[in-house]
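# Commentary on secondary and tertiary structure
Below, each chain spelled out in residue letters.
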Amino acid sequence: MKEEKRTVICGTGHYLPPQIVTNFDLEKIINTSDEWIRQRTGIVQRHYGTPGVGSSDLATEAAKLAIKDAGIDKSEIDFIIAATLSPDYYFPGIGVLVGSKLGLNGIGALDVRNQCSGFIYALSVADQYIRNGTYQKILLVAAEVQSSNLDHSDEGRDMAVLFGDGAGAVILEANSENDGRGILTTKLFSDGQYACELWMEKPSPKDKPTFSPGLLEEKKYYPRMNGRNVFKHAIEKMPQAVWASLKEVSLTVNDIDHLIPHQANDRISLMVAQKLNIPVNKVIRNIHRVGNTTAASIPIALDEAVKEKRIKTGDLVALTAFGSGFTWAAALLRW
Ligand code: UT7
């Protein structure tokens, strides 16, 4: 096992916009039912932001809470990493906006675009920077506003019922104690041959002009998914990523105290746990309350579990995610 300086998460926070949208609310605008959504996904409700609220706003609120939780002054943060698939603008990314909203102008801000795997990809980047001493305190935010671009027709109802808005944030620093706490490993994977299986195809700069009157008629600006294929790959790849991470640091599944899977679908989370032979009581699940919040889902679930004191000092926490790209990933943290 690597015994060099490790990166610890010294503060966590999350923010959900106040509006709660239940399955019954969706029944009124989508050809769906509470029963179908619960049975197929485990979701009961999700949160939607109001018009004018962007992922940078949600990220900023989560960041403030993480900074407070870490007990640091925001001026100590020397780098920002932001993960989202729903930035406020085509460009620039939300990292610079979060920095500006926090009054942290001047420091570097990096945007990570790895969708549902975005938090673990960003965590991996932050881990390298902290361990090699480039930065001392990194703010990692993951945020999504997906409610503004969902297709409520029958063509898009599979996705429209899944997604919610929200943000999670962590503060990362080097572990100054020699107590083994911190990120043990991160493992990242991708396979771009499946890019079209879960994507938002348009608008695309490949089209000249990018924005034409036909764009609205095509409806290709809505996210689309081959749900069954995504499901099939998700339940294979997430366990594989966890096994790879365990192997890297010579630990076993029995050493895991908590599994935090990306909250894509509760059936997926339970099947991943089953394949890994991890008992259900070790699996952190909040999808029934927040829906699928893409990059934000793991840090939201992590913050909730820490604040509930479910995760305790010394526990081994496994994170795993799968999503658009396809990308998938895992991380092991000694809390
Ligand atoms: O977070 C990123 C990664 N995303 C995922 O991991 C999601 C992976 N996929 C899934 O979670 C599931 O595929 C879904 C929840 C999206 C769909 O569940 P499913 O069990 O795979 O359903 P299906 O797509 O095979 O559709 C079954 C039926 C279809 O009707 P027919 O053809 O059997 O008559 C659909 O038209 O369910 C219908 N359906 C719905 N019915 C009511 C699809 N969406 C809905 C809906 N309400 N919202």
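The rules behind the values
- Residues numbered from 1 in each chain as written.
- Predicted model: local features only at pLDDT ≥ 70, side-chain atom pairs only at ≥ 80, totals over all residues.
- Heavy atoms only, no water.
- Phe/Tyr/Trp six-rings, centres within 6.5 Å; stacked < 30°, edge-to-face > 60°.
- Helix = DSSP H or I, 4+ residues; strand = E, 2+ residues; numbered from the N terminus.
- Buried < 20%, exposed > 50% of the residue type's maximum accessible area, 1.4 Å probe, protein only.
- Contact = heavy atoms within 4.5 Å.
- Core = buried A, V, L, I, M, F, W, Y, C linked by side-chain atoms within 4.5 Å.
- Domains from an automatic or database assignment.
- Arc of directions from axis to C-beta.
- Polar contact = N/O pair within 3.5 Å; in protein donor to acceptor, adjacent residues only side chain to side chain.
- Salt bridge = Lys/Arg side-chain N within 4 Å of Asp/Glu carboxyl O.
- Buried area = accessible area lost by both parts, 1.4 Å probe.
- Lys, Arg positive; Asp, Glu negative; His and termini not counted.
- Near = heavy atom within 4 Å.
- Areas by Shrake-Rupley, 256 points an atom, 1.4 Å probe, with all protein chains shown as cover.
- Nonpolar A, V, L, I, M, F, W, Y, C, P; charged D, E, K, R; others polar.

## Remarks on the packing of aromatic side chains
- Under the definition given, this model contains eight aromatic pairs.
- An aromatic cluster is present here, built from F189, Y194, F322, F326 and W328 joined pairwise through their rings.

## Focus: the environment of S117
- By the element assignment, S117 lies in the loop between β5 (108–112) and α5 (118–131).
- Classification of S117 as buried rests on a relative accessible area of 0%.
- Considering only alpha carbons, one finds S117 and Y15, 102 residues apart in sequence, at a separation of 19 Å.
- The residues touching S117, leaving out its near neighbours within four places in the chain, are A321, F322, G323, T327, W328 and A329.

## Observations concerning the nonpolar core
- Ranked by internal contacts, the top residues of the largest apolar core, which has 42 residues, are L259, I268 and I278.
- Mapped by element, the contributors of at least two residues to this core are α6 (157–160), α8 (227–248), α9 (266–276), β12 (316–323) and β13 (327–334).
- Of the residues forming this core, the biggest block, eight residues, is contributed by α8.
- In terms of domain composition, this core takes at least three residues from each of domain 1 (7–174) and domain 2 (182–334).
- When sequence neighbours within four positions are dropped, the list of residues in contact with I268 reads F231, A234, I235 and M238.

## Some points on unusual backbone geometry
- Residues F91 and P92 are joined by a peptide bond in cis, for which omega reads 0°.
- Topologically, P92 is positioned in the loop between β4 (79–83) and α4 (94–102).
- Between K208 and the following residue, P209, the backbone shows a cis peptide bond with an omega angle of 0°.
- With respect to the helices, strands and loops of the structure, P209 is situated in the loop between β9 (198–199) and α7 (214–218).
- Despite not being glycine, K219 shows a phi value in the positive range, around 60°.
- With respect to the helices and strands, the residue K219 is situated in the loop between α7 and β10 (224–225).
- For K219, a relative accessible area of 24% translates into the label partly exposed.
- Unlike most non-glycine residues, K309 shows phi in positive territory, near 65°.
- Note on placement: K309 falls in the loop between α11 (297–307) and β12.

## Looking at α9
- For α9, the full list of buried residues reads D266, I268, S269, V272, A273 and L276. Mapping the buried residues of α9 onto a view down its axis gives an arc of 160°, with all of them on the same face.
- In this structure, the buried side of α9 is in contact with α2 (34–41), α8, β11 (258–261) and α10 (287–290).
- Its side-chain oxygen 2.9 Å from the backbone nitrogen of R267, N265 forms the N-cap of α9.
- In the stretch just after α9, N277 is the one whose phi turns positive, near 65°.

## Considering the pattern of salt bridges
- By the definition in use, this model includes 18 salt bridges.
- Across the salt bridge formed by K101 and D57, the nearest N and O atoms sit 2.8 Å from each other. Taken together, the residues K101 in helix α4 and D57 in helix α3 (residues 55–70) connect sequence positions 44 residues apart.
- Across the pair E155 and R224 runs a salt bridge, and its minimum N-O distance is 3.5 Å. Taken together, the residues span a long stretch of sequence, with E155 in the loop between β6 (137–144) and α6 and R224 in strand β10 at a distance of 69 residues.
- Given a relative accessible area of 53%, E155 falls into the exposed group.

## Observations regarding the domain arrangement of the protein
- For the protein, the assigned domains are domain 1 (7–174) and domain 2 (182–334).
- Here domain 1 and domain 2 have C-alpha centroids that lie 14 Å from each other.
- The partner domain 2 presents 52 residues to the 55 residues of domain 1 that form the contact.
- Between domain 1 and domain 2 lies a buried interface of about 4000 Å² when both sides are counted; carbon and sulfur atoms form 62% of it.
- Per-residue buried area on domain 1 facing domain 2 is highest for C116, I120 and M159; these three make up 16% of the total on that side.

## Digging into the side chain of D165
- The topology assignment puts D165 in the loop between α6 and β7 (166–174).
- Of the side chains bearing the opposite charge, R46 lies closest to the buried D165, which forms no salt bridge; the N-O distance is 9.3 Å.
- A polar contact of 2.7 Å, which involves the side chain of D165, links it to the backbone nitrogen of G49.
- With sequence-adjacent residues up to four places away left out, D165 is seen in contact with L16, P17, H47, Y48, G49, L58, E144, V145, Q146, S147 and T293.

## Focus on the site of the ligand
- Taken together, 21 residues sit near the ligand, with T32, R40, R228, N265 and N292 positioned nearest.
- One of the side-chain nitrogen or oxygen atoms of R228 is found 2.4 Å away from an oxygen atom of the ligand.
- Between N265 and the ligand, the recorded distance is 2.7 Å, taken from a side-chain N or O atom to an oxygen atom.
- Protein contact buries 77% of the 950 Å² of open area that the ligand shows by itself.
- Elements supplying a minimum of two residues to the shell around the ligand: α2, α6, α8 and α9.
- Residue composition of the shell around the ligand, by class: nine nonpolar, seven polar and five charged.
- Built from parts of two domains, the shell around the ligand gets at least three residues from each of domain 1 (7–174) and domain 2 (182–334).

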